[in-house]
Amino acid sequence: MTMTRETLGMVKSSQKLPATPSEPWGRPAGDGQSSHRLWIWVLVISVATIFAHGQGLACGYIWDDDAYVEQNKTLRTWHGLWLIWSSPESTPQYYPLVHTTFWIEYHLWGLWPAGYHATNIFLHAISSVLIGRLLVRLQVPGAWLIALLFAVHPLHVESVAWITERKNVLSGVFYFLAATPLLECLGVLRTEGKLNRGQVSTESSQALFWKKWILALVLFLAALLSKTVTCTLPAAALLVAWGVRGRLTWRDVKITAPFFVLGISMGILTAYLEVTHVGATFEYVPLSFWDRLVLAGRIPWFYAFQIVWPQTLIFIYPKWSIDASQPVQWLYPVATLGVLLGALLLRKQLGLGTFVGIAFFIGTLFPALGFFNVYPMRFSYVADHFAYLASLGIMALAGAGLTLAWQAAERRFQWPSVVPLLGMGLIVTSLAFISRSQTEIYKDVWTLWSATVQTNPKATVAQANLGKLLLQRGELQNALVHIEEAYRQDPILDTNLLNWMTAKIQLQQFSDVRDKFNELNQRLDPHAEFHRLMAMMFLGLNEPSRAEKTFAEGVARFPEDTSLAGDYGAFLIRQGKFVEAESQLLRATAIEPLNGQAWSDLGICLMQLNRPDEALEAFQMATQKSPSIAEGWKNLAQWYLQHSQPGKSLETMRLAHQKLPLELSIVEEYAWQLTHGEMPAEQDAALARLILNQALAASGAGAQLRNGGLPTLLRLVQVFLASGDTIAAGRLVDQYLKLLPENDAERATVMELQRKLRG
């Protein structure tokens, strides 16, 4: 919606381009309004979108998806739906329409990630079709080419492949839906081959006008409730109206005034919540007004380059050093203003459409130019998803320019009609392949953070999250390297200090944590996680009474924290206080029914209380609510063995292996039952050897083996021996020996086992 054939100043409104076979990309700006042609383009854009972004269906959950979907309690009940709309602080950001779509999907397919990804792809395709349809009515040359560029461009992969960015793709649909009736009310859309110049068409009544106006306002509100960056729509509509007519009227202002009021109001609310709820305070974005002017001039150049040459896309870009006292940095805002002013002054030579496209691009970017603090600015001033809507301005300029250029070249050089089609097809296909490749980094959190750290080592949040993943995989020393690097880069962020505590405690370096107690207590006391970690530290220092006191104080201060209650319950089990443990674990599962670890610990507690039937239910809940928790599966299998049901135990481990084929503790138990189980008819040594080799060949297997310790090593060796593979058993022992420090007490036992296998 950035330029029309008239506003480009290249084709007079009275002229019509000849209908040649080479115009399927640009011809729809003329008379391509038939439903037949429209549905052809709907099909083309749908196929192109699926080709470019379809690999997202294989992606899982990544950053923030846990808060938006996986652990979002508001998605589970009708009361939660009420909170989504009535309580701005009940969700990560107050975009109730977005969370309502998540609520619906949760009740359709639960936590199946492919469903959420499919919705994102579908919404992006709809936006692309709406863009094509709108540009056709605005008579923009190459309307459907522009729509295709929008559909497949790699800059939009982040918005489509990231479930959390439902905000972009959903708001985009309502933005372009609202644009159509609003522009009709302004009288600038082509209707039945004519442009309505500032008034409603003769066959339209006043009632029809108000229906369209109200429809536009409702759709605009829906866009704002999906993402408030869409507040720029009324300004964009006036820009297009000025571009089409060359002037604005008081009627235009009156029509759009309520849209401005609504957009500004929602923008103020979002800015307030970003600071008070999300945490985008000045402390984390310490820029002066002049710094922000410099930043605002630099950001459009960054995105324009990424749109034209999308070869350096990164999930988190390096954070620029902004200093308004350096004269060279003012070149960016001067150049930005120069381009805008030049396009305006040269509008007769370039056409008004050029200015409209550039102004739309910069104006739609305005909420993300740095004048307002938003949370991602703590890590980088730019992100691909910030430019989702704004990118249309540059793409429209490119698509329209290419279309007019090839039409001029065709008339001059008499090229075959297939030449421009091949050229444009090559551009679209190339962009689609880049998008497919870019989608790969959104496969899972491990791939995302590894790729980000590799391309941008200064990405603090990537260093921190990669460190946390390494902790989960048992690679403690490597994890500490990334966590300490994140803390060095951003010592202000409390999360980095909490991660450091977690790493030190898992490394059993409890004294390091105690030495920083005063600093930690001053900084982190408001965090429930701090109290949980301090309790674990006291436990590691063999001070169980202080650990229990810290747990008790923590659950009293943070009664809604499921991790704190769950770990307190597990601690009480170790202390033999089973009744008190049951109370805490029931609280943890009530707070968060998906807390599989708490369900598993509750089952252990109930076994100790001699309530086996209730324990069975708890173990089953652990596997149902959180199938990624290995301990729940193993405890359920052990329950069946203890109650003389080896068949069910084996079936449980078979299901567990399907869910977690590379989890070594699961493979260990399953392989053991396949070789040493109580059902000889079900034993399968070949299968045991196969799954064990697959698990040991996976990334991170060494850390899992080391965490399992000597008992795990001995069982796996026996599995290999039972399958007749003495060589594999020897290799496993050699691998384990390399993982042990020189002074480790286990070395003598492992070396003796090594000698026996070689003998």
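Each remark here, short or long, concerns the structure printed above.
Everything numeric here is computed off the predicted structure, so don't read it as measured data.

In this section: the overall build of the protein. A tally of helices and strands in the protein yields 36 helices and two strands. In terms of C-alpha radius of gyration, the protein reaches 31 Å, essentially the compact-globule figure of 27 Å for 759 residues. Along the first, second and third principal axes, the C-alpha set of the protein runs to 90 × 55 × 55 Å. Per-residue burial over the protein gives 55% buried out of 759 residues. A fraction of 69% describes how many contacts in the protein between residues 6 or more apart in sequence connect residues 24 or more apart. For the protein, the exposed area adds up to about 33100 Å²; of that, 61% sits on carbon and sulfur atoms. Here the protein contributes 61 positive and 60 negative side-chain charges, whose respective centroids are spaced 12 Å apart.

A positive phi angle is found at Asn610, which is not glycine, with a value near 60 degrees. The topology assignment puts Asn610 in the loop between helix 28 (596–608) and helix 29 (612–625). The backbone of Ser644 shows a phi angle near 55 degrees, a positive value even though the residue is not glycine. Considering the arrangement of structural elements, one finds Ser644 in the loop between helix 30 (630–642) and helix 31 (646–659). Overall, Ser644 belongs to the exposed group, its relative accessible area being 63%.

According to the stated counting rule, one finds 33 aromatic pairs in the structure shown. When the centroid spacing of 5.1 Å and the interplanar angle of 80 degrees are considered together, the rings of Tyr175 and Phe176 count as edge-to-face. Like Phe176, Tyr175 is buried. Members of the aromatic cluster, each reached through a chain of ring pairs, are Trp63, Trp162, Phe315, Tyr375, Phe379, Tyr442 and Trp449. The ring of Trp446 is capped by Arg473, whose NZ or CZ atom sits 4.0 Å from the centre of that ring. The cationic tip of Lys516 hangs over the ring face of Trp500; the distance from NZ or CZ to the ring centre is 4.6 Å.

Turning our eyes to something else, we now look at a nonpolar patch on the surface. A surface patch of nonpolar side chains, about 470 Å² in accessible area, is lined by Phe413, Trp415, Val418, Val419 and Leu422. Sorting elements by how many residues they give to the nonpolar patch places helix 17 (residues 418–439) first, with three residues. Along the chain, the position of Leu422 falls in helix 17. What makes Leu422 exposed here is its relative accessible area of 57%.

Our next topic: the environment of Trp103. With respect to the element layout, Trp103 can be found in helix 4 (residues 96–109). By relative accessible area, Trp103 is classed as buried at 9%. C-alpha of Trp103 to C-alpha of Val69: the two residues are 34 residues apart in sequence and 8.6 Å apart in space.

Checked against the element boundaries, Thr256 lands in helix 11 (residues 250–278). Apart from the residues lying within four places of it in its own chain, the contact partners of Thr256 are Leu182, Leu186, Pro234 and Leu238.

In this structure, Leu183 and Tyr303 are the most contacted members of the largest nonpolar core, which totals 124 residues. Counting residues per element, this core draws most heavily on helix 8 (residues 166–186), at 12 residues. In terms of nonpolar packing, the next biggest core, distinct from the first, is built from 71 residues, Ala479, Leu480, Tyr568 and Leu636 among them.

Turning next to helix 35 (residues 726–739). Between the first and last C-alpha of helix 35 there are 20 Å, a value that for 14 residues agrees with the 20 Å anticipated at 1.5 Å per step. As for helix 35, its buried residues are in contact with helix 33 (685–697), helix 34 (701–722) and helix 36 (747–758).

A word on the packing of helix 33 against helix 34. Between helix 33 and helix 34, the shortest axis-to-axis distance is 12 Å and the interhelical angle comes to 160 degrees. By the criterion of interaxial angle, the relationship of helix 33 to helix 34 is roughly antiparallel. You can see that helix 33 and helix 34 cross each other, and the crossing is left-handed. Taken together, the residues of helix 34 that come into contact with helix 33 (itself represented by Ala685, Ala688, Arg689, Leu692, Asn693, Ala695 and Leu696) are Ala701, Leu716, Val719, Phe720 and Ala722. Here the residues of the contact of helix 33 with helix 34 are counted per class, giving 10 nonpolar, one polar and one charged.

This next bit is on the pattern of salt bridges. The full count for this structure, using the stated rule, is 25 salt bridges. Residue Glu105 pairs with Arg166 through a salt bridge whose shortest N-O separation is 2.6 Å. Here Glu105, found in helix 4, pairs with Arg166, found in helix 8; they are 61 residues apart in sequence, far enough to count as distant. Neither Glu105 nor Arg166 differs from the other in exposure class; each is buried. Each of the salt bridges in this network shares a partner with another, and the network as a whole consists of Arg137, Glu184 and Lys212.

Cut-offs and rules
- Residues numbered from 1 in each chain as written.
- Predicted model: local features only at pLDDT ≥ 70, side-chain atom pairs only at ≥ 80, totals over all residues.
- Heavy atoms only, no water.
- Helix = DSSP H or I, 4+ residues; strand = E, 2+ residues; numbered from the N terminus.
- Rg over C-alpha atoms; globule rule 2.2 N^0.38 Å.
- Buried < 20%, exposed > 50% of the residue type's maximum accessible area, 1.4 Å probe, protein only.
- Contact = heavy atoms within 4.5 Å.
- Areas by Shrake-Rupley, 256 points an atom, 1.4 Å probe, with all protein chains shown as cover.
- Lys, Arg positive; Asp, Glu negative; His and termini not counted.
- Charge placed at Lys NZ, Arg CZ, Asp CG, Glu CD.
- Phe/Tyr/Trp six-rings, centres within 6.5 Å; stacked < 30°, edge-to-face > 60°.
- Lys NZ or Arg CZ within 6 Å of the ring centre and 35° of its normal.
- Patch = residues over 30% accessible without salt bridge, like charges linked within 9 Å, V, L, I, M, F, W, Y side chains within 5 Å.
- Salt bridge = Lys/Arg side-chain N within 4 Å of Asp/Glu carboxyl O.
- Core = buried A, V, L, I, M, F, W, Y, C linked by side-chain atoms within 4.5 Å.
- Expected span 1.5 Å × (residues − 1).
- Axes fitted to C-alpha atoms, helices over the stretch in contact; angles between N-to-C directions.
- Parallel < 35°, antiparallel > 145°, perpendicular 65-115°, else oblique.
- Left-handed = near helix turned anticlockwise from the far one by under 90°.
- Nonpolar A, V, L, I, M, F, W, Y, C, P; charged D, E, K, R; others polar.

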